[in-house]
Amino acid sequence: MESQREEPSPTPALEDCLKLLKGERDEQRLAGLLLVTKFCSGDDLSSLRRVYDAVGVLFLDRLLRTGAGKGTSTSNAGDNRDAYLKLSITVLAAFCRVPDIAASQDMVSKIPLLLEILSKESTSSVLEECYEFLYLVSLASEDGVLKLYQSGGMKVLASHMSTFPDGSRQMELAMKLVQLLLTKLSLDTVCQGYLPELSLIVATIAKQFSVLHDAVKFEALRLLSAILSSENSAPLYDALRLLPDKNWANYMRDGIVAILQNRVVPAEKLQALILAESMVSILGERWLIGRTNIPNAEEPIPADRCLLLVLEQSRVEVAVLLNELAYLKYEASKSASSHDETIRLKQQNVAISFSLVEKIIKLISNLGENEGDLIDDSTLMRAIKGLNETVGVVLEYLQDAKEHEQRKGDDLLASVRVIGSYLAETPLACKEKVRELLGYMLSVEGAEEPSPFYSVCFLLPLLCQLTMNVEGCKAVVSSGGHKAVIDCLIKLIGPNSCRVEDSGCIFLACDTILNLLLKREQLQFPLDESSTINLLKALAYWTEGLDDPSFIMMASSICSLVFDFTSEDALLGNSNFDQRTINSISRLIARSLASWGQNVSNDANENMDLLEIVSSGYSRWASRFPHVRDAVER
C-alpha cells in the first residue's frame, strides 16, 4: 500500500496517449501527439520523457521535415504542412524542457533546420516555440551554442529582434540566446564573424533597456554593460558609431537615467555607470548632455539630467569604494585572511567612476557657447561643487596612503590621474593640500611600473602652470618635482622611451623644465651632474633627424639654458658623455640659429621666444663650447 502511494499509477489519459504514439500508423501517432499538447504540462518532466521515448526520434524528425517542406509527402501532406510544422515544433520545444533531451545530438542537429524555418516570413505562428527550442537546446549543451553560431544564428537574431514587440516573450528568449552566445563564445569571436549583426542587436536591446520597466530591463542592463565593457569591444564601438539610426544612443541615456534616479540596489547602479562609461568611450563625453527625443516618449529628459546623475553616482561610488579600499588595505590586512581578490574588484569598480569623473571634467572645461541652452549656470555650479568634493575625497585617500607609506598601486595611480585632470583646469583648487601632497603624488607608481612615470605625466599640466611664477617654482622644487619632470622627459624621448598617446606630455615636460631653468638663479635649486648628462643625451637622441621646428626649438632652448651652468670640457670629462653627443647637440643649436635674421616661416615666428633664448644663451657660453661654435659658424 505504501509503495503504491509513493509511485502512483499513470493517469488513464497518458496511457491512452502512449498507446496511440506506439501505434503502427502515422495517423495514430499524430492523434497521440495532439493529445500530448493538451494535457502534458510543461513541468511534468517524467511524463514528457515517457512521451518522447514512445513517439520515437524518427517520427519526430519526419514530421518536422514534412512541415518544413523538406520530406517526401503524400498528396494531402502539403495541405496540412503548416499544421504539421506547428505541431512538431510545439512538441519539440516541450520535450526540450527535459535537460538531457535538449542536450542530445538529435536535438542539436535540428538547429540548422529551425533557423531555416525562422528565416521564412510565413512562420510567425511558431516563432515563440522556435526560439524556446533554440534557447533550451543552447542552454543544455555547448554543442548547441556552437551549432547555433555556426549555422548563422546571429543573422537570424539580428533580422528578427528589431521586429519583435517590446517586452514580448520572443524578445526575452532572443536576448537570452545572445547572452548564451557571448558567454560560451568570446566577444572577439562574435565580432570577427558577425560584427554588423551584433551592432544591430545591441541597438535593439538598448530600446528594451529604455522602454521596459520590469525584470527584463535589468537583464538588458547587465547584457549591454557586459558587451560594451569587454576588453575586445573596440571593433563593436566603431560599428555602433556607423549605425544610421542614432536613437539607440538616446535609448541608452534614457535607460541609464531611469536606473540612476530610482531606488535600485547598488550593484545595478554600478552596472549603469559601467554602461555610461562605455557610451562616453563610444560617442564622447558630450553624450552625457543633450535633449533626448525618443519616439513615442511621454516627455523628453532634461539635457543635464544624465550628466548630473552620473556625476552624483560616481561621487558616491568613489567615496564608498575608497573608504572600503583604505580599510581593506590598512586595517583588515592585519588579519590572517586574504583580501586580494576583494581589493582587486573594488579597484576595478572605482576605476569606472574615476574615468567618468575625468570625462565630466573634460566636458565642463570644453563647453562652448553653443551648449549654453543645454546646461545653465546653476547646473555648472552643481557639477563643479560635486567635483570639488570628490577631489577632496581622493586627496584624503592619498593622504592616508602616504601615512601608511604606500606608493605602489593602480588605485593610487588612478587617484593621481583624477587629481591631475582636475587641477589642469583649476590649478588653485585645494592649493595647500595639493602642495603638501605634491612630492608624494610624484612618487606614486602603478602596480607594474618599475619607477614613477605615469603619475608625473598626469601632473604635468599642473606642474607647467605652477612653474609660471617663482612661488610655484619653489613649491615644485621643494617637492623634488624638477627631478621628477627631468626623469619623465628622459623616459619620453630617450632611447628606451615610454610610448604615450600624443606629444602633449613632451611639450608640457619641456615647458616645465624651461620655466624652472629660466628662474634658476632666483630659485637656487641644484641640478646634479647625472641628470644634466642624461637630459642632454636624451635631447640629442630625440632631435637627431627630426624636422619639426617646434621640437627643434624647444630642445635647443633647453640645451642653451643648461649650457649656462657647465662647459664642453666638463661634459666630455664625464665618462657617460661622449663626442658623438656634443656633435649632435652642436648640429641642433646650429639648425635653430640658422633662422635668426632670415625671412622665417610662420612656424619659426611662433617660436621666436625660444629662438631668443637660444641666441642670447649662445652669446654667453659660446667661448666654452668650441664644437658648438664651429658648427654655428661653419
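Here's a quick rundown of the structure. It should be emphasised that the depicted structure is a prediction, and the values quoted were computed from it without experimental measurement.

**Regarding the packing of aromatic side chains**
Item 1. All chains considered together, the criterion is met by 11 aromatic pairs.
Item 2. Summarising the aromatic geometry, the rings of Y52 and F95 are spaced 5.3 Å apart at their centres and angled 70° between planes, so their arrangement reads as edge-to-face. Pair noted here: Y52 is in helix α4 (residues 45-55) and F95 is in helix α6 (residues 81-95), with a separation of 43 residues, a long-range link. Here the two residues Y52 and F95 agree in accessibility, since each one is buried.
Item 3. Look at W542 and F551: their rings are 4.9 Å apart centre to centre, the planes differ by 65°, and that puts the pair in the edge-to-face class.
Item 4. The buried category is assigned to W542, whose relative accessible area is 13%.
Item 5. By relative accessible area, F551 is classed as buried at 12%.
Item 6. Here the aromatic residues F563, Y618, W621 and F625 are joined through ring pairs into a cluster of three or more.

**A word on the packing of helix α21 (residues 377-403) against helix α23 (residues 431-442)**
Item 1. It is the contact of α21 with α23, at a shortest axis distance of 10 Å, that shows an interaxial angle of 50°. Regarding the angle of α21 to α23, the classification is oblique. As for how α21 packs across α23, the hand of that crossing is left-handed. Of the residues in α23, those in contact with L395, E396, L398, Q399, A401 and K402 of α21 are K433, V434, E436, L437, Y440 and M441.

**A short note on empty space enclosed by the protein**
Item 1. Tallying each qualifying case throughout the model produces 2 cavities of 30 Å³ or more.
Item 2. Estimates place the volume of the largest cavity at around 60 Å³.
Item 3. Along its surface, the largest cavity is lined by H482, I486, I513, L516, L517, F525, L527, L535 and V562.
Item 4. Here the element with the most residues in the lining of the largest cavity is helix α27 (residues 504-518); it accounts for 3 residues.
Item 5. Of the residues in the lining of the largest cavity, the class split is 8 nonpolar, 1 polar and no charged.
Item 6. The space that makes up the second largest cavity amounts to roughly 30 Å³.
Item 7. What lines the second largest cavity is simply P427, K431, V434, R435, L462 and L466.
Item 8. Elements represented by at least two residues in the lining of the second largest cavity include exactly α23 and α24 (454-466).

Definitions and cut-offs
Residues numbered from 1 in each chain as written. Predicted model: local features only at pLDDT ≥ 70, side-chain atom pairs only at ≥ 80, totals over all residues. Heavy atoms only, no water. Phe/Tyr/Trp six-rings, centres within 6.5 Å; stacked < 30°, edge-to-face > 60°. Helix = DSSP H or I, 4+ residues; strand = E, 2+ residues; numbered from the N terminus. Buried < 20%, exposed > 50% of the residue type's maximum accessible area, 1.4 Å probe, protein only. Axes fitted to C-alpha atoms, helices over the stretch in contact; angles between N-to-C directions. Parallel < 35°, antiparallel > 145°, perpendicular 65-115°, else oblique. Left-handed = near helix turned anticlockwise from the far one by under 90°. Contact = heavy atoms within 4.5 Å. 1 Å grid on protein atoms, 1.4 Å probe; cavity = no way out; pocket = protein on both sides within 12 Å on 5 of 7 lines; lining within 4 Å. Points joined across faces, edges and corners; volume = space filled by probe spheres on them. Nonpolar A, V, L, I, M, F, W, Y, C, P; charged D, E, K, R; others polar.

Bear in mind that shape data such as this cannot, by itself, settle questions of function.
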